[in-house]
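Close look at the chain arrangement
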Amino acid sequence: MMSKRSYTEFTSKDTTSVSIILEHAEDLLRAAKALKQELETYRDAPAVNDQVISVLERHSKKILLTVQLLTQDEASATRQHEPGCRKIQRLDGDHENTENALAALSIPPPVYLTRWTPQDIPSSGLPPLPPVLDPVLEQASLTHSGMTTSPKDMSYERLEWIGDAYLYLMSTSFIYQTFPNLSAGRCSQLRERLIKNETLSNYTMQYGINKRTRFPAEFDLHGRIGGSQASQVAKKKVLGDVFESYVAAAILGDPEGLLRVLPWVKSLWSTTLAHEIRNEFKAQSNLVHNDTSKGENNGDNQKTIKQDLNPKVLLSQAVGAKGVKISYSDVGEPKKDKHTGLPWFTVAAFFNGFGEKNVQLGVGSAISKKEAGANAARSALKNKELIKRLQKKKEDAQKAAELAESAQQEYDNWS
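For clarity, every value in this text was computed on a predicted model and none was experimentally measured.

Details of the pattern of salt bridges
In total, this model carries 12 salt bridges according to the counting rule given. Between D120 and K266 there is a salt bridge whose closest N-O contact spans 3.8 Å. Of this pair, D120 sits in the loop between β2 (101-103) and α4 (135-141) while K266 sits in helix α9 (residues 257-272); the two residues are 146 residues apart in sequence, bridging distant segments of the chain. Taken as a pair, D120 and K266 share a single burial class, namely buried. Taking the shortest distance from any N to any O, the salt bridge between K393 and E356 comes out at 2.7 Å. Note that K393 is positioned in helix α14 (residues 384-414) and E356 in strand β6 (residues 356-366), a separation of 37 residues in sequence. Residue E356 is classed as buried on the basis of its relative accessible area, which comes to 15%. Bridged by salt links that share partners, the residues E356, R389 and K393 form one connected network.

Concerning the packing of aromatic side chains
Two numbers describe a pair of aromatic rings. These are the distance of the centres and the angle of the planes. In total, this model carries 7 aromatic pairs according to the counting rule given. Between the aromatic rings of Y203 and F243, the centroid separation amounts to 5.4 Å while the plane-to-plane angle is 50 degrees, which identifies the pairing as tilted. Taken together, the positions of Y203 in helix α7 (residues 197-207) and F243 in helix α8 (residues 232-252) put the pair 40 residues apart, joining distant regions of the chain. Exposure remark for Y203: the relative accessible area of 3% places this residue in the buried category. Residue classification places F243 among the buried positions, given a relative accessible area of 1%. Put simply, the rings of Y203, Y207, F243 and W264 pair up and form one aromatic cluster.

What counts and how
- Residues numbered from 1 in each chain as written.
- Predicted model: local features only at pLDDT ≥ 70, side-chain atom pairs only at ≥ 80, totals over all residues.
- Heavy atoms only, no water.
- Salt bridge = Lys/Arg side-chain N within 4 Å of Asp/Glu carboxyl O.
- Helix = DSSP H or I, 4+ residues; strand = E, 2+ residues; numbered from the N terminus.
- Buried < 20%, exposed > 50% of the residue type's maximum accessible area, 1.4 Å probe, protein only.
- Phe/Tyr/Trp six-rings, centres within 6.5 Å; stacked < 30°, edge-to-face > 60°.

Put into structure tokens, the structure is as follows:
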């Protein structure tokens, strides 16, 4: 039989003393002092470099953790002095006698939702699964409503609803912080990769959470011999829901649950977006390097600025002219991205002008037509031989136009 705890047992953990607040304040001061001491060694550096960035990332984790603890201290102290009883959030049922009541849901503070870096990506395997410290919530997060013995018993459904909201908020924040130059549509696609059923169900299987569930046999979550009566789509959704309910139970199971779950989820998701995170970090590092070298070589600076321009603009500048049309059209068979399952677009750039008709300049693919078109322009610019030939025709056409204009002026003057 599950042990039940009273409201007092749940809320007594929130009690915050001045000594605890002072301890957290001292931790913050020590962390800030350690950061300052290490940064002093780079005081004479001409600009922020990779070493400085590494120092900031290493110390910021400790600083952010202590800030989070102080934020919780403030919230706890405020609740202690609120008039009347504290508001609570019941996770299941409206019964007056329900004893499984928890404090109001914690909201992740922005200071703790920091960007991903390559250091967040585990060198091997998955990060350790945080335990659910509340046995009632742990059992509920793994139990289907059809397996409960009483309508009063909790199941995974409402926990899954809460876990879904937490994962949505955390994934949005991590992506927003990590990819500052990414379009909203592309950010949504990355988020979809993190929170879709396929990803979450894989996490459930990899951690073996499915083997601890209490679900009807037709779902076959334990991998029983004989197959499953539920469709693979339905099974995948249930496994994803179980992961969400487990996340909620781990967060709500104790006052510091959110502190334990946030870094775990961040590290876990970094394994799914490892390629994108490394590429973004490399791009930002190159940007910092380019900024520090401004003024040293004006020619290189102009080259960098040119590389940063929209490739469609560069292509138009290279071969575009009056009477020339560069168009972009879909080519090839429809495909889907292997990571997201979303449409994968292939676009070709075509040239019409100077007597040339429907010349294919280049082809590009991406998860959006806009990005695929840009990749097609990049591909065209790399075709040096073709670009050189069209530029020659452009020069000849411009010379012919200038001669015609000059002749017309002479004729006008003579007449």
